[in-house]
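In case you want the letters, here they are:
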Amino acid sequence: MSLRLKLLLLGLGTLFLPWAGFEYAREMEAALRDGEQQSLQAIAQTIAASLQGRSDLLYRMGGDPGLIPPGPNDLQAIPLLAAPFLDGYPDEWPRNSPFRRVYSDGPHRLTLLAGVHEHLAYLLIQVRDPHVVWDAPGADVLDPAGFGDRIWVAFTDAAGAQHEYLVATAEPGPVHARRIETEDLGRQVAIDEPRISGGWQPMSGGYCVELRIPMSMLGARLGVLVDEREHRGGNPVSFGNLDHESLAPMGRLLIPAPQLTSYLAQFVQPGLRLTVLGTDQAILSQVDALSVATVSGAERGLLPQLYRRLLERPQDVKVVAAQAPIAGADRKQTLGFVQIVETAERSLTLRDKALTQLLDFTLITSALAVMLMFAFAAWLSWRLARLRRASESALTREGLVTTFPDTEAHDELGDVARSFSMLLGRLNEYTGYLRTLAGKLAHEIRTPLTIVRSSLDNLESESVPPAARTYLNRAREGSERLNAILVAMGAATRVEEAIQGAERSRFDLRALMDSAVGAYRTGFPQRQFIAELPDEPVLLHGAPDLIVQMLDKLVDNAVDFSADQATLTLRLAADATQAIIEVDNPGPALAGEGHQHLFESLWQSRSGSDSRPHFGLGLYIVRLIAEFHGGSAEACTLPEGGGARFRVILSRLS
Amino acid sequence: MLPYGLPCAPRLQYASVMKLIAIIEDEPAIRDNYAAAFTREGYAVRTYGNRHQAMTACAARLPDLAVIDISLEDEPEGGFELCRALRSMSAELPIIFLTARDSELDAVSGLRLGADDFLTKDLSIPHLIARVNALFRRIEALRRPQTTGQIVQRGSLLVDGERMQIQWEGEVVLLSLTEFWIVHALAKHPGHVRNRQQLMDAANVVLDDNTITSHVKRIRRKFQQLDPKFDAIQTVYGMGYRWVE
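Just so it is clear, the structure is predicted and the values come from calculations on it, not from any experiment. (Residues numbered from 1 in each chain as written. Chains lettered and ligands numbered in written order. Predicted model: local features only at pLDDT ≥ 70, side-chain atom pairs only at ≥ 80, totals over all residues.)

A. Up close: the sheet that holds strand 25 (residues 643–651) of chain A. Residues and elements named next belong to chain A. Sheet architecture is open: five strands sit in the order 20-22-23-25-24, paired in mixed fashion. Looking along the sheet, the strands with just one partner apiece sit at the ends: strand 20 (528–532) and strand 24 (632–637). This sheet shows a mean twist of 15° between the axes of neighbouring strands, independent of strand direction. Of the pairings in the sheet, the one linking strand 24 to strand 25 comprises six bridges and is antiparallel in character. Within strand 25, the residue paired with Thr637 across the bridge is Ala644. Taken strand by strand, helix 10 (residues 544–560) contacts strand 22 (567–574), strand 23 (578–586) and strand 25, and its axis lies near 20° from that of strand 23. Its contacts with the sheet put helix 11 (residues 618–628) on strand 24 and strand 25, and the angle it makes with strand 24 is roughly 130°. (Pairing = 2+ DSSP bridges. Helix = DSSP H or I, 4+ residues; strand = E, 2+ residues; numbered from the N terminus. Axes fitted to C-alpha atoms, helices over the stretch in contact; angles between N-to-C directions. Contact = placed C-beta atoms within 7 Å.)

B. Up close: the interface of chain A and chain B. Each partner contributes residues to the interface: chain A has 30 residues there, and chain B has 27 residues. When contributions to the side of chain A that touches chain B are tallied by element, the ones reaching two or more residues are helix 7 (412–461), helix 8 (466–500), helix 9 (509–523) and helix 10 of chain A. If you tally residues by element for the side of chain A that touches chain B, the top one is helix 7 of chain A, at eleven residues. Of the residues that constitute the side of chain A that touches chain B, the class distribution is eleven nonpolar, 13 polar and six charged. (Nonpolar A, V, L, I, M, F, W, Y, C, P; charged D, E, K, R; others polar.)

C. Quick peek at unusual backbone geometry. For Gln565 of chain A, which is not a glycine, the phi torsion comes out positive at approximately 70°. With respect to the helices and strands, the residue Gln565 of chain A is situated in the loop between helix 10 and strand 22. We classify Gln565 of chain A as exposed; it has 8 C-beta atoms within 10 Å. Non-glycine residue Glu169 of chain B carries a positive phi angle of around 50°. Residue placement: Glu169 of chain B occurs in the loop between strand 8 (165–168) and strand 9 (171–173). (Buried ≥ 20, exposed ≤ 12 C-beta atoms within 10 Å, placed from the backbone.)

D. Summary view of the sheet that holds strand 10 (residues 193–195) of chain B. All names here are of chain B. Read across the open sheet, the three strands follow the order 10-12-11; overall the sheet is antiparallel. The strands lining the two open edges of the sheet, one partner per strand, are strand 10 and strand 11 (233–236). The average angle at which neighbouring strand axes cross in this sheet is 35°, direction not considered. Bridging between strand 10 and strand 12 (residues 240–243) involves three bridges; their strand directions are antiparallel.

See below:
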C-alpha cells in the first residue's frame, strides 16, 4: 500500500467527526425533547388547575358526574363528526365504540350508543331479537292487541321532570316518538312528539333504530327500554336501563359541555393537540392543531432530508405527550384528565438544522483535510521517489555525478537525503579505492615478484643440486602464477587506457565476428561454436580491437561456465540504430539477484575454482567497451533454463 | 630520437675492453640480481640507487648501456629525468627502461625521450640479456659498413636483421627493439597470421594482449608518418596480425 493511499485512509478517518456530531445532535434532541415534555407537562397542569372543580365546564348539565364515577347505566355521548342520516342504518356510527352500553335478556340484547353533534343528541339503538314483531298496521297505538316490539326512551329535562316517549312502527322507515298523556277522566292519548324523530330498519337477527333528540329537551338522565314480544299483543320481556315499572332512567346521559372546546381553544398553539378526557377516558373535548405543523418535509433541503433518512431511527418518537389529572372541587376526586400532545417536529426541525450545519461544516472540513493530506502525501511520495531515483542513479561508474536532491530540506527527509548523500559519498570513495586497488596492488607486488623471479633466474646459472632443482621449478611455477595474477589484476586499467586512446574506424562487425569465431574454434577445441550472423555486412563505427577484446571476454566467460563439448552460440543482429551481439552458453543458470552486478568491477559470482585467476573484471571490461560504443551489456538466464545469455547492444549511430 | 641511421663517431677506446652497463634502480635486491646476471654475461656493471649518484658517475664516465627504473627513491619520475640527461650527453647510448610501471603513457613518454626499449619488470633475466646483447650487436653493426647478409626486401620494406633497422620506401623507420622484432616476425612470412604469442616470443617479451595491440598500433603510426597510405599490417580479428605485400 503506497504512502499516498495510507494517508488518504487516515484522512477518511475525519469522517468520524460527522458521526460524532450526529450522536451529539441526537443527545441534544433528547434533552430538547425532555425540556419540551416538561413544559408540556406544566401547560397540562396549568390547564388542569384552571379546570379544577369546574365539572360544569366539562359536562353539560354539569351536576357533578365526577363525584359519582360513570356506572353501567350511564351513557357517555360521543362527539360525532357529522350529523348521522336518520335512516336506521348504523353506517355513520363508530363500530365497537367503548362507550356502547349493552343490556341483554336471554337471547335478546340491546346495544345503546349516544352521540352529540352541535345541539342535537343522537341515539343508536340496536336490538338483537330473533323474532321481530311489528305493531299492527293501522291499529291504535294504545290498543294492547296491536302491540309489537316497542322502545321506550325516557329522560329528565333541565328542571329534573321526567318524560317518557314511545317509539313503535308497523313498517321499516322513518319513525317519531310519541308521548302518552292521561287526560281528564283517565283517558290516555298518544301525542306525537315531532322533535324526536328517527329511522327504523330491520337487520339480520334484529333491528336498528336511530333517534334524534334536541339537546334543549334533555336533562341529566336518559334511558332506553325495549319491550320485546313473542307475538303481537303478547306479554313483553323488557330490558334496558329504565326502571321497568316507573320508566325512570337509571343512568345519566353524559354530554361534554359545549363551552369546553372554546375554553380549551384559548390554550392551543400550532402543533398542539389539547384533549380533555373523562374519568372513563371518554374524550370530552379535543382541540387539534397538530397538523398545523411548522415546516413540512418538502420544504427541507435535499441534503437535510438525506441526512435524516440516513440517520433517523425507526424508534424515534414523533410526538411528545403530557397528561395531568383534573381534580374535583374537594381535591380528592378526579374529574378527568387534560392531555396535551405536541408533534416532535419542532425539536426534530431544530435537530435537523443543527445537524445540517454540523454535517456541512464537518464534511467540508473532512474533504479539505483529506485533500490536504492527499496533496501532502503526494508531495511526500514525490520527494521519496525523487530520493529513490537519485540514490539509484547517484553512484555511477564514474563516481557520484548527480547532486542529491532535498539535502537542503529541514525535515526528516532532508536528514535522510543528507545521510544518503554522505553514505554514497563514502561508498564512492570506497569503491574508487577498490577500483584502483587492483592496479595499485599489482604495482606494489610487481617489485617483490621481480626480486623473486630475477633471483630464480640467477639461480639457474648456479650449480644447483638436482634435488633442489625440483623446488626451484616449483618456485618458478609459483612466481609465474603470481605474475599471471598481476596481469589479470591490471587488465581493467589497461582496457580503460586503451579506451582512452582508442581510435574509431568504420569496420564490418559481421566479418570481424566471423573471423573471431574461426579463432575461437582453434583456441577452444573442446567447445563447439555456432555463429548466427546476418547475411549483410554490419558496418559499425568503433574500435575493432576493443570489440574483439570484448568478444574474447564473453567467450572466455562462456567457456568457463560450460562443460566440455558444449555448444556456444554467437549471434549478431542489427537494425538501423543498433547492433546486438549475444553469446549463449549452456550451463548453470544465473544466480537470481546478481544480474545487474555482473558487469560491475570486481564482481565475482563463480562458485567453482580453477587455476586461472579471476577478479570479476572480464564482464566489467565488456561493459566498458559496450559503453564506449554507446551501448550497454546485460545478462539473462536462457529461456529454456540451464544456461546464460550475455547480450551486448552497440549503437550504430556514431 | 635515436639516430640509428646516422654515422657516428667510433668509440674504439672501449671496443676492446669490457662493456660497461649502468643499472639505476632503487630496489637493492633487483639491482644486485641484474648486476649479477650481467656480470655473469661478461659485462662490467655499475649500480646506482638514485639519480644523483648516477648522474655524477655518468658525467665522469659514460656507460655503454643504461638500464633505468622510472621511479627512483623519492623521485617518481626520476628515471625520465635521467634518460633525458643521458641522451643529451650521448645520442647513441642505448637506454633501456625497466620498470614496474606498465602504463601505456609511461611507455610512450619513455620511448619519446629516446629510450631504445621500454620493458616491464616481469621480463625474465634471459630475455633482458638477449635484448642487451642485441642492442650491443646493433651498435657494432652500425659501426661496420653495411653488409647484405641479413637484409630482407619485401616490396617497399627492407629489413636489416643485423643492424636491426627497418626501411620503408628507402627511409629508415625509427622503431624500438621490441617493435623491430615484431615487424621482423611479421615480415619474415608475409601473408601468414602471427598470433600474439608468436609475436611475444619473437620480441623476447611477455606482454598481455593490450600491450601487443598498442605496440602494433605504434608501429603502424610510425610507418604512416612516412607513408600515410601504409596498411601492410593487417589485423586478423581474434587471431593476430599478418603482413600483406
